[in-house]
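Report on the structure
Chain by chain, the residues:
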Amino acid sequence: MDTSSPSAFVNGALLGRLAGRKVRTVVQVIGSEIGSVVGKTTDDVQIFVRGSSPAPLTTYVEVIGIAESDNSIRAETWTNFGNTFDPQNFNELCKLANGEFKHLFM
Amino acid sequence: MQIVYRLIVVLNMETIVPHSETIGNPTMSAESDTESGNFPPTNRVAFNEPAFQHSVNKAPPRGVNIQSPANSTPSFRPSVQPLYQPPPSYRNHGPIMKNEAPARIIPIAALNPYQGRWAIKARVTAKGDMRRYNNAKGDGKVFSFDLLDSDGGEIRITCFNAVVDRFYDVIEVGKVYLISKGSLKPAQKNFNHLKNEWEIFLESTSTVELCPDEDGSIPRQQFSFRPISDIENAENNTILDMIGVVTSVNPSVPILRKNGMETHRRILNLKDESGKAVEVTLWGEFCNRDGRQLEEMVESAFYPVLAIKAGKVSDFSGKSVGTISSSQLFIDPDFPEAQRLRNWFDHGGKNTASSSISRDTMPGGGSRNEIRKAVSQIKEEGLGRSDKPDWVTVKATISFIKTDSFCYTACPLMIGDKQCNKKVTRTGTNMWLCDRCNQESEECDYRYLLQVQIQDHTGLTWVTAFQESGEEIMGCPAKQLYTLKYELQNDEEFAEIVRIRLFHQYLLKLKIKEESYGDEQRVKMTVVKVDKVNYTSESKYLLDLLVRSL
């Protein structure tokens, strides 16, 4: 496992706190333009994911990249997570990974 | 000479000085004096020297009967004996006289088993049904009721048998009574949730009088309402009072109780100002009477306030509150708490989201009474060893399937609306004979009897899967596999089918019961349900475990 450049699990609320850091999140794709995708995070925040997305995208997509601001990520890795992903579980994971169980995450 | 006796009865004496000089100048009664002239003077204070008194007065030489006329030496008469011969003049004066005046009314809180005479004035807040029982001493009947007095003291009264007949019809909920005489016993906390360490058992000498002119100084009911947020942290089986707004009412459903009797259950949802909601389960009569009224109110979009006296906390799935036989429900009661709640609900509370401390279904998609265990826990906790089987769910992977025998030939005949399914044997005439039906059939059925090894992160074990769960595990009917293996003898394809069924993870519901085979005790585990792991609900389940452990 590559631990040289860890990416923190984030939802919309946590994104702004980690500007400049490498993050990972899952968004529900709302729309896409050239060079960016508009997505809704698991806590209902609308964010922009910049970078060239693969086509086609499923309803839920995991993106790993650098947090640019509280509503944008420059994505390096895109992974289709299918159409039946449970956003609540992921959202709770983000909270725990940055809260009570922070010590377990890099 | 007329002798005047003065008797003082002293109770609860305690020795503070073991050996002491004689205090004062006690004299023996005249009769005693003349008869006990041989004793040294110290014998008169025998209470200070119990051992001495004992040796002199109560332990004559072996074989000597001090009462026998043949040995009536006066010096052996006990010095205190005259005190036990009360002259007739005792009866009508002196402090030992029976006090016939009515006992003083004392607060319930002051009752204790060490006082002889008491009376309490209290309102009946609840009256239990008359129950019949049968134990080692025979048949009997019992009923109890709860009292509340003007100081807020509460106590339960229990009557047995003949006492039931005397008081059962006398006692009415809401009425005030003057009650006297009865014995106090420690309260049975598992049945009695009142804030009193005693309960009263009425006896044949007890009196129960209705107070028709009561003045309302005794409240009708006493509550100590706990907010729903408190219930979240209450221990299982806690008895408490709560009040909330009913937001939904489920239909009443029949439930088969463990003793085989049918009862009804109805689930409501309540919320309150604490921002939490809770499931309330009504049982039995509460479903129909109060439950129906609540259902109609909620259906007409009126959300009633419901106060519950003595509900029981359950931690079955999350936390919920259920009724017990002594529970009482108050729909839209006229309490200040109810009015405050109504006001809160009507001014915004209705639309605020409340998080429920109960869960409709267990996260993980299982039923609400699912008990999750790891494979190693089955052995460690000795599951299946009690009288009744244990039903647990394990999340496990199938690691091996026994294939030398995986199905049996089953009787296809119908018994009533069910297929017989007993094992049939081939007869000489190429027919299948069933011992149970005592009939032959041309065809037989093939049903799974599958031995499977399952494994999780804690260990592995063997389980048995019958028809339905077997088919779920193998992915095809038993007959198909039987044909493949024994008729087509296509061992390769057979092996391939078995191989691809391995290493899938399932939620397996197991019935675990120890059975004896001859002298041997064996824990038998049967798969009763096979579900593929649903990762969404399984994640929820794990998440819930995590958060609860925080």
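Residues numbered from 1 in each chain as written. Chains lettered and ligands numbered in written order. Predicted model: local features only at pLDDT ≥ 70, side-chain atom pairs only at ≥ 80, totals over all residues. Heavy atoms only, no water.

1. Brief notes about the sheet that holds strand β22 (residues 439-441) of chain B
All names here are of chain B. This is how the line gets drawn: By this definition, two strands are paired if DSSP reports at least two bridges between them. For helices the rule is a DSSP run of H or I covering at least 4 residues; for strands it is a run of E covering at least 2, with both sets numbered from the N terminus onward. Lines are fitted to the C-alpha atoms to define the axes, a helix being fitted only along its stretch in contact, and any angle between axes, read from their N-to-C directions, falls within 0 to 180 degrees.
Here three strands make up an open sheet; going across it, the order is β20-β21-β22 and the pairing antiparallel. The sheet terminates laterally at β20 (424-426) and β22, the two strands that pair on one side only. Sheet twist, expressed as the mean angle between neighbouring strand axes with direction ignored, is 35°. As defined by bridge partners, β20 adjoins strand β21 (residues 432-434) across three bridges and the pair is classed as antiparallel. Note on β21: the bridge partner recorded for Arg426 is Trp432.

2. Points about the pairing of strand β11 (residues 262-271) of chain B
Residue and element names in this part refer to chain B. Filter applied, for reference: A 1.4 Å probe rolled over the protein chains alone gives each residue an accessible area, and that area as a share of the maximum for its type sets the label: buried under 20%, exposed over 50%, partly exposed in between.
In terms of burial, β11 is a largely internal element, seven of the 10 residues being buried. The pairing of strand β9 (residues 239-249) with β11 spans four bridges and is classified as antiparallel. Within β11, the position partnered with Ser248 by the bridge is Asn269. Sheet topology places strand β10 (residues 253-256) next to β11; four bridges connect them, and they run antiparallel. Residue pairing for β11: Val253 is matched across the bridge by Arg265. Note: β11 against strand β12 (residues 276-283), seven bridges, orientation antiparallel. If you follow Arg266 over to β12, its bridge partner there is Leu282. Between β11 and β12, which pair antiparallel and follow one another directly, the connecting turn spans four residues, one of which, Gly275, has a positive phi of 85°.

3. Concerning unusual backbone geometry
Residues and elements named next belong to chain A. Between Ala55 and the following residue, Pro56, the backbone shows a cis peptide bond with an omega angle of -5°. Considering the arrangement of structural elements, one finds Pro56 in the loop between β4 (46-50) and β5 (60-69). One non-glycine residue with positive phi stands out, namely Asp44, at about 65°. Note that Asp44 resides in the loop between β3 (36-41) and β4.

4. Some points on the nonpolar core
Stated formally: Note on terminology: a nonpolar core comprises buried Ala, Val, Leu, Ile, Met, Phe, Trp, Tyr and Cys residues joined through side-chain atoms within 4.5 Å.
Counting 41 residues, the largest nonpolar core has Leu450(B), Ile454(B), Ile473(B), Leu508(B) and Leu510(B) as its most contacted members. Ranked by size, the runner-up nonpolar core spans 25 residues in total, among them Leu111(B), Phe143(B), Phe145(B) and Tyr177(B).

5. Brief notes about the pattern of salt bridges
Opposite charge on two side chains makes pairing possible when the charged atoms of those side chains draw close. Rules: The rule for a salt bridge is simple: a side-chain nitrogen of Lys or Arg has to be within 4 Å of a carboxyl oxygen of Asp or Glu.
Tallied over the entire structure, the rule returns 26 salt bridges over all chains. Between Glu68(A) and Arg50(A) there is a salt bridge; the shortest N-O distance is 3.2 Å. Note that Glu68(A) is positioned in strand β5 and Arg50(A) in strand β4, a separation of 18 residues in sequence. For Glu68(A), a relative accessible area of 34% corresponds to the partly exposed category. You can call Arg50(A) partly exposed: its relative accessible area is 36%. Here Lys276(B) ties to Glu232(B) by a salt bridge, and the two come within 3.5 Å at their closest N and O atoms. One end of the pair, Lys276(B), is in strand β12; the other, Glu232(B), is in the loop between α4 (228-231) and β9, with 44 residues separating them in the sequence. A relative accessible area of 31% places Glu232(B) in the partly exposed class.

6. Things to note about the interface of chain A and chain B
Inclusion rule: When checking whether two residues touch, look at their non-hydrogen atoms; a contact exists if any pair is within 4.5 Å. In this count, Pro and Cys sit with the nonpolar residues alongside Ala, Val, Leu, Ile, Met, Phe, Trp and Tyr, while Asp, Glu, Lys and Arg are called charged and the others, Gly among them, polar.
Across the boundary between the two partners, chain A contributes seven residues, which contact seven residues of chain B. Linking chain A with chain B are one salt bridge. Ionic pairing is found between Asp86(A) and Lys540(B), a salt bridge with its closest N-O pair at 3.0 Å. Its residues placed into classes, the side of chain A that touches chain B shows two nonpolar, two polar and three charged.

7. Comments concerning helix α8 (residues 467-474) of chain B
Residue and element names in this part refer to chain B. Worth spelling out the cut-off: Directions drawn from the helix axis to the C-beta atoms are what define this arc.
Every buried residue of α8 is listed here: Gln467, Ser469, Gly470, Ile473 and Met474. Projected onto a plane normal to the axis of α8, the buried residues spread over an arc of 165° and lie on a single side. Positive phi appears at Gly475, one or two residues downstream of α8, with a value of about 80°.

8. Re the confidence of the model for chain B
Residue and element names in this part refer to chain B. Rules: Known as pLDDT, the predictor's per-residue confidence is scaled from 0 to 100.
Considering every residue of chain B, the mean pLDDT works out to 82; 83% of them sit at 70 or more. Throughout residues 32-88 the model reports pLDDT below 50, and contacts reaching past four residues in sequence, or to other chains, amount to 42 contacts. Taken as a whole, residues 360-368 scores under 50 in pLDDT and shows 22 contacts with residues more than four places along the chain or in a different chain. Model confidence for the complex: the whole-complex pTM is 0.47, and ipTM, which rates the interface, is 0.87.

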